[in-house]
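# Reading the structure
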Amino acid sequence: MLTMNTENNIKTLIVKKPLKLDCGKTINNFPIAYETYGLLNSKKDNAILIFHALTGDQFVTGLNPITKKDGWWSYAVGPGKAIDTNKYFVICSNVIGGCMGSYGPSHKDPDNNKIFGTNFPVITINDIVNAQYNLLEYFGIDKLFSIAGGSMGGMQVLQFISNFPDKSKTVIPIATTSSHSAQNIALNELGRQAITADSNWKDGNYISNNATPGKGLAVARMAAHITYLSKKGLQEKFGRKLQEREDLKFGFDADFQIESYLRYQGSVFVDRFDANSYLYITRAMDYFDLTKQFKGNLSDAFKNTKAKFFIISFTSDWLYPTQENKDIVIALNSIGADVGFVEIESDKGHDSFLLDVPDFLNALKNFLDKSYIEN
Amino acid sequence: MKNEFKVIAELIEKNKKVLDVGCADGTLMKFLKENKNINIRGLEISKSKVQECIAKGLTVIEGNAEKDLKQFPDKSFDYVVLSQTLQAFLNPELVLSELLRVGKKAIVTIPNFGYWKVRFHLLFKGTMPVTKALPDEWYNTPNLHMCTLKDFVYFVRSRNIKIFKSLALNNLDTSIINENNLGIKNLFADLGIFLIEK
């Protein structure tokens, strides 16, 4: 049912079993690209499944063989780090809809052998975790030690434990929400409009037209990048500093360092990310509403699990603010679940979970290591 | 571990579910978890104290008792513990009623403002009392609503709260407070421990 191959440094699991998606369509024979770190012990009780955020991928730590940059969670994951790969077996897979090897809009539609583009089915967070569940079967893991992720990764954490309540001992949603807010849908829509307004998008068929909607995707990334930072963080890092010039140029070049920084962030993003994947994954986030899945009672999402939860938010995160994380804590407390919560002081905005924030990394490490001893 | 915590721990039977409100660095929680197999949760406002609890492997929620107790269902804990914090709340009456809603029973400890050293300090020095149990100056104390043991007993009675056990602590001495000795204990105890229920 599952076969594995490695091509261009990307390990891929081919899932033969059909997966019925929330949109009504069914996919089968589809690839899930994944990576692992550390060793699975003989009892198979040291596995941690990590879920990546919107623009992440399976390359959590070490050198990303495709981008040649550090993995997206290198501060938190690795030998001796908070998620210690000397101790734990870490698995992460690229979400379906993504562009790092998992089934997505740049793949060919088996029905007509044409690149999907926007004919790829619209996927949800629920579909994403149901697809990833196949990894447990592949590795023969009956129960994970932990599941962890920030931002959209946190949404997958919540959906996973709701779908598979006895498949993880501990659960770590970070800087996330149980229901995507109007503000966040609005911000995602801004990004999607930037992409589809690019004349090179060509109704999603840019690959077969040898084009790239790079301008649109870069603008989407620039706008999103601002939301990952905080006002204070931006002010401290950039202020009104000028970019390699003595004075204002009275034009529309990047006079300010912040402009130059954003343009750079946009341009490097285009090299590694697919525009249609950006549309699909932001849509999955917008559709995420775990409360609605349980008819308005979020507690019901967790009523069948005995897992130990640890929820973390950051003071300067205005994208997934503390209150939205606390709503999850409240839902868990109201059913007597085992839940801990901490808000970490940080000026680094939503991106805090990806950065070197010692209070966060210490809390994560202590929670995992102490829970593992009690295991 | 301080005597107060030992006395609190003796009031709690094994294998119960307990919420420690204002759990600080988790000393009492750790003791209850390890020695009495207590299913223990903490609520703590200080970020650094929350970190200390996490480092001890304790389940703690960062939060404010005046706002965050309402998320817990009625009688969801066998005991709720509040150690020397009631006087620091803006609205102690509300917090007390929340403790008794969330817990089947509550254990509340009170630094006694009626303690003779406190009285002497004010009487002879004429300045706000500073003692071992009340170490802060008037301008930086977190304590907003100081009371004596007598005040507390009168208050809970007026709210029809049942007192199961009242204990007076003076350093390492622990004694039972009853109807007849309340006046004396109110003079000689620096701390009162009350097991109550509504």
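Residues numbered from 1 in each chain as written. Chains lettered and ligands numbered in written order. Predicted model: local features only at pLDDT ≥ 70, side-chain atom pairs only at ≥ 80, totals over all residues. Heavy atoms only, no water.

## Here's the deal with the domain arrangement of chain A
Residue and element names in this part refer to chain A. Here the domain parsing of chain A yields domain 1 (2–179 + 290–374) and domain 2 (184–282). Measuring from the centre of the C-alpha atoms in domain 1 to the corresponding centre in domain 2 gives 26 Å. Listed per partner, the contact involves 28 residues of domain 1 and 27 residues of domain 2. Taken together, both faces of the contact between domain 1 and domain 2 bury some 2,300 Å²; the carbon and sulfur share is 61%. When the buried area of domain 1 at its contact with domain 2 is split by residue, Leu54, Thr55 and Asp347 rank highest and sum to 26% of it. At the surface where domain 1 touches domain 2, the tally comes to one salt bridge. Counting across the domain 1 and domain 2 interface gives 13 residue pairs in polar contact (both at pLDDT 80 or more). Across the side of domain 1 that touches domain 2, the residue classes break down as 13 nonpolar, eleven polar and four charged. (Domains from an automatic or database assignment. Contact = heavy atoms within 4.5 Å. Buried area = accessible area lost by both parts, 1.4 Å probe. Salt bridge = Lys/Arg side-chain N within 4 Å of Asp/Glu carboxyl O. Polar contact = N/O pair within 3.5 Å; in protein donor to acceptor, adjacent residues only side chain to side chain. Nonpolar A, V, L, I, M, F, W, Y, C, P; charged D, E, K, R; others polar.)

## With respect to a nonpolar patch on the surface
Residues and elements named next belong to chain B. A cluster of nonpolar side chains, Trp116, Phe120, Leu123, Phe124, Ile184 and Phe188, forms an exposed patch at the surface whose accessible area comes to about 660 Å². Of all elements in the fold, only α6 (116–125) and α8 (182–188) reach the threshold of two or more residues within the nonpolar patch. If you trace the backbone, Phe124 turns up in helix α6. (Patch = residues over 30% accessible without salt bridge, like charges linked within 9 Å, V, L, I, M, F, W, Y side chains within 5 Å. Areas by Shrake-Rupley, 256 points an atom, 1.4 Å probe, with all protein chains shown as cover. Helix = DSSP H or I, 4+ residues; strand = E, 2+ residues; numbered from the N terminus.)

## Structural notes on the environment of A:Lys11
Residues and elements named next belong to chain A. Relative to the assigned elements, Lys11 resides in strand β2 (residues 10–15). Spatially, the C-alpha atom of Lys11 lies 6.5 Å from that of Glu35, the residues being 24 residues apart in sequence. Contact partners of Lys11, with chain neighbours within four places excluded, come to Asn5, Thr6, Ile32, Ala33, Tyr34, Glu35 and Thr36.

## Focus: the interface of chain A and chain B
If you look at the interface, chain A gives 24 residues, while chain B gives 18 residues. The largest contributions to the chain A side of the interface with chain B come from A:Asn333, A:Phe341 and A:Lys370, which together make up 27% of the buried area. Here B:Asp68 and A:Lys326 are joined by a salt bridge, their closest N and O atoms 3.3 Å apart. Those elements that place two or more of their residues in the side of chain A that touches chain B are β14 (308–314), α10 (322–333), β15 (338–344) and α11 (358–374) of chain A. Residue composition of the side of chain A that touches chain B, grouped by class: ten nonpolar, six polar and eight charged.

## Structural notes on the side chain of A:Arg221
All names here are of chain A. Within the secondary structure, Arg221 sits in helix α5 (residues 214–227). It turns out Arg221 is buried and unbridged, and the closest side chain with the opposite charge, Asp351, is 6.7 Å from it. Setting aside anything within four residues of it in sequence, one finds Arg221 in contact with Thr55, Tyr228, Gln265, Gly266, Phe269 and Arg272. (Buried < 20%, exposed > 50% of the residue type's maximum accessible area, 1.4 Å probe, protein only. Lys, Arg positive; Asp, Glu negative; His and termini not counted.)

## Regarding helix α1 (residues 3–11) of chain B
All names here are of chain B. Counted residue by residue, α1 has seven buried out of nine residues, so it is predominantly covered. Listing the buried residues of α1 in full gives Asn3, Glu4, Phe5, Val7, Ile8, Ala9 and Leu11. Tucked into the core, α1 has its buried residues touching α2 (27–36), β4 (77–83), β5 (103–111), β6 (162–170), β7 (173–176) and β8 (191–197).

## Examining the pairing of strand β12 (residues 144–150) of chain A
Residues and elements named next belong to chain A. Counting buried positions along β12 yields seven of seven residues, so the element is predominantly enclosed. Pairing of strand β6 (residues 47–50) with β12 involves three bridges; the strand directions are parallel. Counterpart to Ile48 in the pairing with β12 is Ser146. As paired strands, β12 and strand β13 (residues 168–174) are joined by six bridges and run parallel to one another. Bridging from a neighbouring strand, Ser146 pairs with Thr170 of β13. (Pairing = 2+ DSSP bridges.)

## Remarks on the pattern of salt bridges
Applying the stated rule across the entire model yields 27 salt bridges over all chains. Linking B:Lys56 and B:Asp25 is a salt bridge whose minimum nitrogen-to-oxygen distance equals 4.0 Å. You can see B:Lys56 sitting in the loop between α3 (47–55) and β3 (59–62) and its partner B:Asp25 sitting in the loop between β1 (17–21) and α2, a full 31 residues away along the chain. For B:Lys56, a relative accessible area of 27% puts it in the partly exposed group. A cluster of three or more residues bridged by salt bridges with shared partners is formed by A:Glu189, A:Arg192, A:Arg283 and A:Asp286.

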